[in-house]
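Listed below, chain by chain, are the residues.
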Amino acid sequence: MSGTSNLPSSKPEVTLSLALSPGPTPVEALKPEERGIRLIQLLLTCAEHASSGNLHRADECLQIISLLASVSGDSMQRLSARFASALAIRLVKRWPGLHKALDLSWIKRSEARVDQAKQLFGRNFPYLGFSYSIIARTLIKAVMGEKVIHLVDLGSGDTNLWIPLLRSFSCSPDGPPHLKVTCMNPNKAVLEKLGSMLGKEAEALDMPFQFNPLNIGLRDLTSDMLKVRSGEALAFISILNLHTVLAEDDRVDAHFGDNNKIHGIKNSKQMSQFLSMIRSVSPKLLLLVEKEADHNLNRLVDRFVEALHYYSAVFDSIDATLGRNMSSGRERLVLEEMFGKEIENIVACEGVEREERHERYERWMMRLGQAGLKPVRIWYDSMEDAKQMVEACGRDGYKIVNEKASLMICWHDRPLYAVSAWTC
């Protein structure tokens, strides 16, 4: 990680090491803590072998991991099962025909549960709720008094963000503004659902409203598609999507090495062009929510270790929130399948296929600053507001911390999401 942070670094309780414990210990004799240590050692050793192409050694590790890990076990066992699956898929990809034949059997089942997983995540965990509240307050303060407001959703399409936003704007002291919403999403069904719901809500609120759906991904967006008009107060909102623009052919980095970095940040032509496009239409705000993790690393082992740190905190928060009772077991499995797909993309994919390229806020500061954007003070006047927000959710373990003009949403001392605002 480049730069420093006032936040304490959060790591798994054990020291990550590539050295396996001396002497074989029967699997059934391992205590939970010993099993957790053994799993981390095996996973990292397997990642090293997978990276170097030593398939035989990687397979040996996976055989032992399969005896220790389980999608229905404790937090470390479940996390290990997801990482082991990702490593196995990476190895199988060396035989494209075999991988494709295996892959097709479960893609549709996974896709069918994405919406369910997102709904469960939003309902049971306050991360997005905190983010949406921060965004709404910051946005309303910035555009107060504007007659025409144009909001651009960069891929979220979440009604849990947009319905409360419409209701907030309808309560403006000078009456509701004319609200335009442009939403882009490669899934046409998401756009149709959002457009229908927002249209009905705006009609009920007696609010002038326009909806401009764009059935595209972020990489295909051009300024002409936005249909920006003179006199509009324009703002962009990106919820856990902007990092996907960083996906590129990593062979360029391998060829040019450090020459392809600017101030220690890996150069991305696609991201530079995208941010230049945003700046060219002079928005009042760019509101950004991203995972606070550094998964945009070339070396597999480096991003494997970073992902292990990050998702161990995520799985711990799932355990603490849902518990281990049978009624929540299915919900937990659906949620962890969603995070498992992210882990798979980080571990098993390379090049443009690897889209889960999360970066820490300090790196986003560099990228956005190089594009001519400046940070904006977030809505709160004191951390007392953030404290009240956490207390209102009624759950222990969550924190909101001020960090260099952003707000970090944390599980205990581990920052998991960064919320920030930017202007030209």
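Procedures and definitions
- Residues numbered from 1 in each chain as written.
- Predicted model: local features only at pLDDT ≥ 70, side-chain atom pairs only at ≥ 80, totals over all residues.
- Heavy atoms only, no water.
- Helix = DSSP H or I, 4+ residues; strand = E, 2+ residues; numbered from the N terminus.
- Contact = heavy atoms within 4.5 Å.
- Areas by Shrake-Rupley, 256 points an atom, 1.4 Å probe, with all protein chains shown as cover.
- Expected span 1.5 Å × (residues − 1).
- Buried < 20%, exposed > 50% of the residue type's maximum accessible area, 1.4 Å probe, protein only.
- Lys, Arg positive; Asp, Glu negative; His and termini not counted.
- Salt bridge = Lys/Arg side-chain N within 4 Å of Asp/Glu carboxyl O.
- Axes fitted to C-alpha atoms, helices over the stretch in contact; angles between N-to-C directions.
- Parallel < 35°, antiparallel > 145°, perpendicular 65-115°, else oblique.
- Nonpolar A, V, L, I, M, F, W, Y, C, P; charged D, E, K, R; others polar.
- Core = buried A, V, L, I, M, F, W, Y, C linked by side-chain atoms within 4.5 Å.
- Left-handed = near helix turned anticlockwise from the far one by under 90°.
- Polar contact = N/O pair within 3.5 Å; in protein donor to acceptor, adjacent residues only side chain to side chain.
- Patch = residues over 30% accessible without salt bridge, like charges linked within 9 Å, V, L, I, M, F, W, Y side chains within 5 Å.
- Phe/Tyr/Trp six-rings, centres within 6.5 Å; stacked < 30°, edge-to-face > 60°.

Asks: What am I meant to see in the overall build of the protein chain here?
Replies: Looking only at helices and strands, one finds 15 helices and 11 strands in the protein chain. For the protein chain, the proportion of contacts with a sequence separation of at least 24, taken over those separated by at least 6, is 78%. Summed over its atoms, the accessible surface of the protein chain is roughly 19900 Å², and 52% of this surface lies on carbon and sulfur atoms.

Asks: Please explain the environment of Ala81 as it appears in this structure.
Replies: With respect to the helices and strands, Ala81 occurs in helix H3 (residues 75-92). Distance in space between the C-alpha atoms of Ala81 and Val71 is 5.9 Å, their sequence separation being 10 residues.

Asks: Would you mind showing me how to read helix H13 (residues 329-348) here?
Replies: Within an α-helix, residues lying three or four positions from one another point in the same direction, as the helix has 3.6 residues per turn. Between its terminal C-alpha atoms H13 stretches 27 Å, which fits the 28 Å expected from 20 residues at 1.5 Å a residue. In terms of residue burial, H13 counts as a mostly covered element, since 14 of its 20 residues are buried.

Asks: Explain the side chain of Asp153 here, please?
Replies: For Asp153, the position within the fold is in strand E1 (residues 148-153). No salt bridge is formed by the buried Asp153, whose closest oppositely charged neighbour, Lys118, lies at an N-O distance of 10 Å. Not counting residues within four places of it along the chain, the set of residues in contact with Asp153 comprises Asp158, Trp162, Thr182, Cys183, Met184 and Ile237.

Asks: I would appreciate a short explanation of the packing of helix H12 (residues 300-322) against H13 in the present structure.
Replies: How two helices sit against one another is set out by the angle between their axes and by the gap between those axes. Close contact between H12 and H13 brings their axes to 11 Å; oriented N to C, the two are set at 170°. Classified by the interaxial angle, the pair formed by H12 and H13 is roughly antiparallel. Residue-level contacts link Leu300, Arg303, Phe304, Ala307, Tyr311, Val314, Phe315, Ile318, Asp319 and Leu322 of H12 to Glu331, Arg332, Leu335, Glu336, Phe339, Glu342, Ile343, Ile346 and Val347 of H13. In terms of residue class, the contact of H12 with H13 is made up of 13 nonpolar, no polar and 6 charged.

Asks: Honestly, the nonpolar core in this entry has me stumped. Any pointers?
Replies: It is characteristic of soluble globular proteins that their nonpolar side chains tend to be buried jointly. Residues Phe83, Leu139 and Tyr311 are the most contacted members of the largest nonpolar core, which totals 91 residues. Of the residues forming this core, the biggest block, 11 residues, is contributed by H12. Sequence-distant contacts of Tyr311, that is, excluding residues within four places in its chain, are made with Leu79, Phe83, Lys291, His295, Phe339, Glu342, Ile343, Ile346 and His358. Counting residues in hydrophobic clusters, the runner-up holds 30 residues, among them Leu221, Leu226, Phe236 and Val281.

Asks: In this structure, what is going on with the packing of H3 against H13? I would like to understand it.
Replies: Taken N-terminus to C-terminus, the directions of H3 and H13 make an angle of 40°; their axes are 9 Å apart at the nearest point. Considered as vectors, H3 and H13 are oriented oblique to each other. With respect to the hand of their crossing, H3 and H13 are arranged in right-handed fashion. On H13, the residues that touch Arg78, Leu79, Arg82, Phe83, Ala86, Leu87, Ile89 and Arg90 of H3 are Arg332, Leu333, Glu336, Glu337, Gly340, Ile343, Glu344, Val347 and Ala348.

Asks: Explain H3 here, please?
Replies: Between the first and last C-alpha of H3 there are 26 Å, a value that for 18 residues agrees with the 26 Å anticipated at 1.5 Å per step. Across the 18 residues that make up H3, a large majority, 15, are buried. Two or three places before Met76, at the start of H3, stands the capping residue Asp74, its side-chain oxygen 3.2 Å from that residue's backbone nitrogen.

Asks: Where do I start with the environment of Val245 in this structure?
Replies: By the secondary structure assignment, Val245 is in the loop between strand E4 (233-239) and helix H10 (251-256). In sequence terms Val245 and Gln273 are 28 residues apart; their C-alpha atoms lie 10.0 Å from each other. Ignoring anything within four residues of it in the chain, the contact list for Val245 reads Leu218, Arg219, Ser268, Gln270, Met271 and Phe274.

Asks: What am I meant to see in the side chain of Ser238 here?
Replies: Within the fold, Ser238 resides in strand E4. Using a relative accessible area of 0% as the deciding quantity, one classes Ser238 as buried. One polar contact links the side chain of Ser238 to the main-chain amide nitrogen of Leu242, over a distance of 3.3 Å.

Asks: Can you walk me through the environment of Ser85 in this structure?
Replies: Of note, Ser85 is situated in helix H3. Of the residues examined, Ser85 reaches a relative accessible area of 38% and is grouped as partly exposed.

Asks: What is the right way to look at unusual backbone geometry in this model?
Replies: The phi torsion at Leu240 lies on the positive side, around 60°, for a residue other than glycine. With respect to the secondary-structure elements, Leu240 resides in the loop between E4 and H10. With a phi angle near 50°, Ser282 is a residue other than glycine that sits in the positive phi range.

Asks: Teacher, can you tell me more about a nonpolar patch on the surface here?
Replies: Residues Trp95, Leu98 and Leu102 make up a contiguous nonpolar surface patch of about 310 Å² in total accessible area. For Leu102, the position within the fold is in helix H4 (residues 96-112). Accessibility expressed as a relative area gives 46% for Leu102, which makes it partly exposed.

Asks: Is there a simple way to explain the packing of aromatic side chains in this structure?
Replies: The relative placement of two aromatic rings is captured by the distance of their centres and the angle of their planes. As enumerated under the stated definition, the model contains 11 aromatic pairs in all. Their ring planes at 25° and their centres at 5.7 Å tell us that Phe121 and Phe125 sit as a pair that is stacked. Take Phe121: its relative accessible area is 6%, and that puts it in the buried class. Accessibility expressed as a relative area gives 2% for Phe125, which makes it buried. With a centroid separation of 6.0 Å and an interplanar angle of 20°, the aromatic rings of Phe121 and Tyr127 are classed as stacked. Each member of the pair, Phe121 as well as Tyr127, is classed as buried. Each member of the aromatic cluster is reached from another via a ring pair, and the members are Phe121, Phe125, Tyr127, Tyr310, Tyr311, Phe339, Tyr398, Trp411 and Tyr417.

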